[in-house]
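As a plain string of letters, each chain reads:
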Amino acid sequence: MKISQTSPLLAAALLTSLATCASAAELKFEQVHASLTKFCGDCHSADDDSEESVLFLKANSVEELSQMRSLWASVAEQLNNRTMPPPDEEQPTEKERLELAGWIDETLRETACAQGPFAGSITTRRLNRIEYTNTIRDLLGVETDAAVTFPVDGSGGEGFDNNGETLFLPPILLERYLEAASDIVDEALPSQPLTLRLDPHELTPKQKKTDELRVLESKQAVRCFPRIYAPGKHELSLQAQPVEAASEIVVKVDGIVAERFAVAARENPGNFPVTFETSIQLSKGFHAIEIRCSGPAPVQLNGLKIDGRSRKLNEQQKTFYRRLIGVNLDEEPEQPRQLARTQLERFVSRAFRRPATDTEIEKYLQLFDRSAERNEPYLESMKLAIKGVLVSSHFLFRVETPPSSPQPEPISDFELASRLSYFLWGSMPDEELWQLAAANELQDEETLRKQIERMLDDPRSRYLTEEFVGQWLGTREVGARVAPDTGKFKGEFTTELLLGFREEPIQLFAYILEEDRSLMELVTADYVIANKRLRKHYGLEEKTEKDKADWPWSPNPQLKSDGPFEKVSVENGQRGGVLGMGGVHLLTSYPNRTSPVLRGGWVLETLLGIHVPNPPPDIPELKKGKKEKLTVRQQLAKHREPSACSACHNLIDPPGFALDHYDVLGRWREKEEGQPIDASATFPSGETVEGLPGLKEMLLKRKADYYRQTTRKMLGFALGRSLDDRDDCVINQLTEHLLNGNDTPRALITQVVLSTPFRYRQQGTAEQHHAGE
């Protein structure tokens, strides 16, 4: 019930109650501030003005604390992780530590939405390489690898390569776009091959009397100048015959001898010419074809034929061909310009992912006109206009209307369609999304829910599973930047095994998404999704539970020989979830040895969102004597003896110790350096776990942190921007939804799409300042 609808007495009582709660919060803040000043004030004094200072103690109220969310969140994290205060400083009791961290976390949650809903704004950004490839596929029906020539996309924000803040436009990329546009349009709309038939009198110099024989005297030549639209191999056929005696004919292409024909003398040559044939390679553009009598005797020419090779199109290609230019292959329109305008209106709109303006259509129609004025065919004129569209900033960039208000305002239906399709498919909106946007129906919540379900059931959602999972977990780099030492592990792995490692987490997420299972199963699953090679590598060959023969998301074609990915139950606790995957073990190892530090850091940062501090620059590498047979764990025990090292390693190492049964290639091992593996791990809280099963149980207890991290990653991937403190409100709301309701990937994806940041925009501080000038 709203206060305005209550009686004055009740309203006054409610206001008094709220004031009392606020006073209680401020009173508690005074206590918290005093305690933190006691334990942290020497290093973090509010009066310290040096650049390196972390001045969280400058906050004098809950309101000021909420304006410094990142700093105070870090304080809570350091307290929870027992990394601050430093070991040689006075420490709070365990009770004090937990109370302080708990109060900060609770206060940050309660104040997250204090400033109201936050949408933020998304910068104009270019399509990354994968988005470009997918958009070309859906717009023109062309499967292209042109993007491999583009500079590699950097990642930023939440760690994804669709972040607009890192998608720059280097000059070399402009050149690549021009080259790619030409090749792509030629692939989608193959030019008509040359079919040239010339009588002798039509060759240059032209013969005035067409009924006379065309005789070339010795050293005399004739030429033709065909224009080639479809480059490639052409068949040249020349008919000639001797006049008096044997002679020779030379064929030149652009001044270079392509073929020599001997014209033999005949006793009764009569009127029966000889046909001479050869193949010539002709590139796009004009060419000079010369026929010269190079022998001592004259030669009579009877005709010249040049035929290019036509390309056959399949039914899908024919459909796109007609959709793009409005006529079938080998057809010419009766009213070319009128049809061109109709086709360009549709194409430009789809390419720009919004209705094109008349001015924009006219711009590309002018390109058509220029080509037509040169008497080029309708097809070539349309290709020129389409190439122009493909190098337009409105195609290459995802452009949205700038926000006009500091308050959240809804984006347009077409902008929403584009956000949705690039989130789930990494491509442009399809026809159904387009029609809903055109009817202004896409903002309807029920309509959005239906579209999300439809799009997740579409094979194109493979993009979401592959890019989100591969970049979040880092396993996309396995088999590329991340690979084992070929010297130490020679003969123990194959390229197909590494590709299987890369595919395995994608397939697990796809299974959980398809079956609508809990997101927690990414960690706690008691099964794996593996192909034949992975099952053999993990020792699971004979224990296959074939729940699914194959997924809708086809894996890498290089893995086809290893069979489909299938569900395999695991009863001994050695596998299951991402922590039992060989790709994760390889990713979190050095090329020649395992690393509890890398593995522990990966668990904390990737799965729980805990920031792991960088090591000091003077930390030496792990070393052991030549005769020592120490495990990595034993070497680390020596390394962490100094108190300066132990604080961080007490936090980082335990998750890695729990995974010590896995070698660099993710194989189970019982011994290292001849000694039994010790996979026990004691966390800063004092909790001890044993191996992978114990680590899973520990992470299950930290479900809230795991879901918050998963939510943050999914939201960052969906928005394509960095998240900041004001996004905490929606992150908390989405996390609570997972904890209290449906915790499946579909539920998270749906809530992300329905959230304020996804469907709205608003001015930031810099934009407000600019708007006010």
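This text follows the structure it describes.
Because the structure is predicted, anything quoted here is derived from the model rather than measured. (Residues numbered from 1 in each chain as written. Predicted model: local features only at pLDDT ≥ 70, side-chain atom pairs only at ≥ 80, totals over all residues. Heavy atoms only, no water.)

S.K.: Residues and numbers for the state of the cysteines, please.
M.R.: Following the criterion strictly, the structure yields 1 disulfide and no others. Sulfur of Cys43: no disulfide; nearest cysteine sulfur belongs to Cys40 and is 8.3 Å away. (Disulfide = S-S within 2.5 Å.)

S.K.: Before we move on, could you go through the packing of helix 20 (residues 596–608) against helix 24 (residues 703–719) and cite the residues and values that matter?
M.R.: Helix packing for two helices is described by the angle between their axes and how far apart those axes are. At a closest axis distance of 7 Å, the pairing of helix 20 and helix 24 adopts a crossing angle of 65 degrees. Taken together, the axes of helix 20 and helix 24 lie roughly perpendicular to each other. Between helix 20 and helix 24, the residues in contact are Glu605, Thr606, Leu607 and Leu608 and Asp705, Tyr706 and Gln709, respectively. Within the contact of helix 20 with helix 24, the residues separate by chemical class into 3 nonpolar, 2 polar and 2 charged. (Axes fitted to C-alpha atoms, helices over the stretch in contact; angles between N-to-C directions. Helix = DSSP H or I, 4+ residues; strand = E, 2+ residues; numbered from the N terminus. Parallel < 35°, antiparallel > 145°, perpendicular 65-115°, else oblique. Contact = heavy atoms within 4.5 Å. Nonpolar A, V, L, I, M, F, W, Y, C, P; charged D, E, K, R; others polar.)

S.K.: Go over the pattern of salt bridges with me, naming the residues and quoting the values.
M.R.: Note that side chains of opposite charge can pair when their charged atoms are close. Within this structure, the stated rule accounts for 54 salt bridges. Note that Arg419 is salt-bridged to Glu400, the shortest N-O span being 2.9 Å. Separated by 19 residues along the polypeptide, Arg419 in helix 12 (residues 413–424) and Glu400 in the loop between strand 13 (397–398) and strand 14 (409–410) bring together distant segments of the chain. One salt bridge in this structure joins Arg517 and Glu521, with 2.9 Å as the shortest N-O distance. Judged by relative accessible area, which is 26%, Arg517 ranks as partly exposed. According to the relative accessible area criterion, Glu521 is buried, its value standing at 16%. Linked through salt bridges whose partners overlap, the residues forming this network are Arg137, Asp138, Asp430, Glu432, Arg454, Asp458 and Arg460. (Salt bridge = Lys/Arg side-chain N within 4 Å of Asp/Glu carboxyl O. Buried < 20%, exposed > 50% of the residue type's maximum accessible area, 1.4 Å probe, protein only.)

S.K.: Explain the pairing of strand 8 (residues 256–263) to me, using residue names and the numbers behind them.
M.R.: Relative to strand 8, strand 7 (residues 247–253) runs antiparallel, the two sharing 7 bridges. Counted as the bridge partner of Lys252 is Val257 from strand 8. Between strand 7 and strand 8, which pair antiparallel one after the other, the connecting turn spans 2 residues, and Asp254 there sits at a positive phi close to 55 degrees. (Pairing = 2+ DSSP bridges.)

S.K.: Report on the side chain of Asp161, specifying residues and quantitative values.
M.R.: Note on placement: Asp161 falls in the loop between helix 5 (129–140) and helix 6 (171–188). At 3.2 Å, the side chain of Asp161 and the side chain of Asn128 are in polar contact. (Polar contact = N/O pair within 3.5 Å; in protein donor to acceptor, adjacent residues only side chain to side chain.)

S.K.: Pulling in residues and values, what's your account of the packing of helix 13 (residues 431–438) against helix 14 (residues 445–456)?
M.R.: Contact geometry of helix 13 with helix 14 gives a least axis separation of 12 Å together with a crossing angle of 170 degrees. Looking at the two axes, helix 13 sits roughly antiparallel to helix 14. In this structure, helix 13 contributes Glu432, Leu433 and Leu436 to the contact, and helix 14 contributes Thr447, Gln451, Arg454 and Met455. For the contact of helix 13 with helix 14, the residue count by class is 3 nonpolar, 2 polar and 2 charged.

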